[in-house]
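Per-entry structural report
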Amino acid sequence: SAPPGTYRTAIGVRDSVSRRIGIYEWPLTIWDYSTDAINLSDIKLSLSVSPEVEDGPFVRHGNKITPNPSRLFQRAQPVFFYYEVYNLRKNESGRTAYRTDLEITMKEKKMNIIWRILSGFGMLVRNSDKENQTVLISYDGEGTRSDEYLFTSLDTGDSPAGDYTVTLTITDLSSGQTI
């Protein structure tokens, strides 16, 4: 339990053979969820999400979330996203309405200078329409709770291997707020 703010986190690992120590550091932001504005939890990237009646370390709001800390998936393996939306505004009839936009873009591969020159020349010769495509999935939801516990999955079977950026945007259709 910590107050909202940005913190410095680190993990240190010692190799038992060489006795060398490796340290990985990164900033950690703890959001202020006490406001009335729409808010979004961290997105839990997982191998599966399924209903679960018993409590456990990977169960949230009746859903068992099988973690994937490596964030690596096989080509034909579905990619699951679990997330929670807070502070949705209810309309006059006590219902919430929201839109979810999920955007997936393949990251550009980092190349050395020679490869960049050669691939740039190749782009002049061939059609590059299939490179860096973006897929946008949009769907509407509604409910009776101001906090929703949601998940979705993506079929990656036709996607080329590589690194992807996923952007999740939630719009509260009652208040017009977006996160």
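Residues numbered from 1 in each chain as written. Predicted model: local features only at pLDDT ≥ 70, side-chain atom pairs only at ≥ 80, totals over all residues. Heavy atoms only, no water.

Our focus in this paragraph is a nonpolar patch on the surface. A contiguous nonpolar patch, built from Ile11, Val13 and Tyr24 and spanning about 330 Å² of accessible area, is present on the exposed surface. Its location among the elements puts Val13 in strand S1 (residues 5-14). With relative accessibility at 54%, the residue Val13 sits in the exposed group. (Patch = residues over 30% accessible without salt bridge, like charges linked within 9 Å, V, L, I, M, F, W, Y side chains within 5 Å. Areas by Shrake-Rupley, 256 points an atom, 1.4 Å probe, with all protein chains shown as cover. Salt bridge = Lys/Arg side-chain N within 4 Å of Asp/Glu carboxyl O. Helix = DSSP H or I, 4+ residues; strand = E, 2+ residues; numbered from the N terminus. Buried < 20%, exposed > 50% of the residue type's maximum accessible area, 1.4 Å probe, protein only.)

Interpretation of this model should avoid reading the predicted coordinates in detail wherever pLDDT is low. Across the protein, the average pLDDT comes to 86, with 87% of residues at or above 70. Every residue in residues 125-130 scores below 50 in pLDDT, and together they form two contacts with partners more than four places removed in sequence or on other chains. (pLDDT = per-residue confidence, 0-100. Contact = heavy atoms within 4.5 Å.)

Attention now moves to the side chain of Asn68. Note that Asn68 resides in the loop between strand S6 (63-67) and strand S7 (79-86). In this structure Asn68 comes out as buried when scored by relative accessible area, which is 8%. Here the side chain of Asn68 touches Leu72 through a polar contact of 3.0 Å, landing on its backbone oxygen. Asn68 has contacts with Leu45, Ser46, Leu47 and Phe73, leaving out every residue within four places of it along the chain. (Polar contact = N/O pair within 3.5 Å; in protein donor to acceptor, adjacent residues only side chain to side chain.)

Across three bridges, the pairing between strand S4 (residues 44-51) and S7 is antiparallel. Paired with Ser46 across the bridge in S7 is Phe80. (Pairing = 2+ DSSP bridges.)

Even without being a glycine, Arg71 presents a positive backbone phi close to 60°. Here Arg71 lies in the loop between S6 and S7. The exposed category is assigned to Arg71, whose relative accessible area is 61%.

What follows is about the packing of aromatic side chains. Tallied over the full model, the rule gives two aromatic pairs. Taken together, a centroid distance of 5.2 Å and an interplanar angle of 80° make the contact between Tyr33 and Tyr86 edge-to-face. Of this pair, Tyr33 sits in the loop between strand S2 (21-30) and strand S3 (39-40) while Tyr86 sits in strand S7, placing them 53 residues apart in sequence. Assessed through its relative accessible area of 34%, Tyr33 is described here as partly exposed. (Phe/Tyr/Trp six-rings, centres within 6.5 Å; stacked < 30°, edge-to-face > 60°.)

The next thing to look at is the side chain of Thr100. Tracing the backbone shows Thr100 in strand S8 (residues 96-106). A relative accessible area of 0% places Thr100 in the buried class. Discounting chain neighbours no more than four positions away, the residues touching Thr100 are Tyr83, Ile137, Ser138, Tyr139, Leu168, Thr169 and Ile170.

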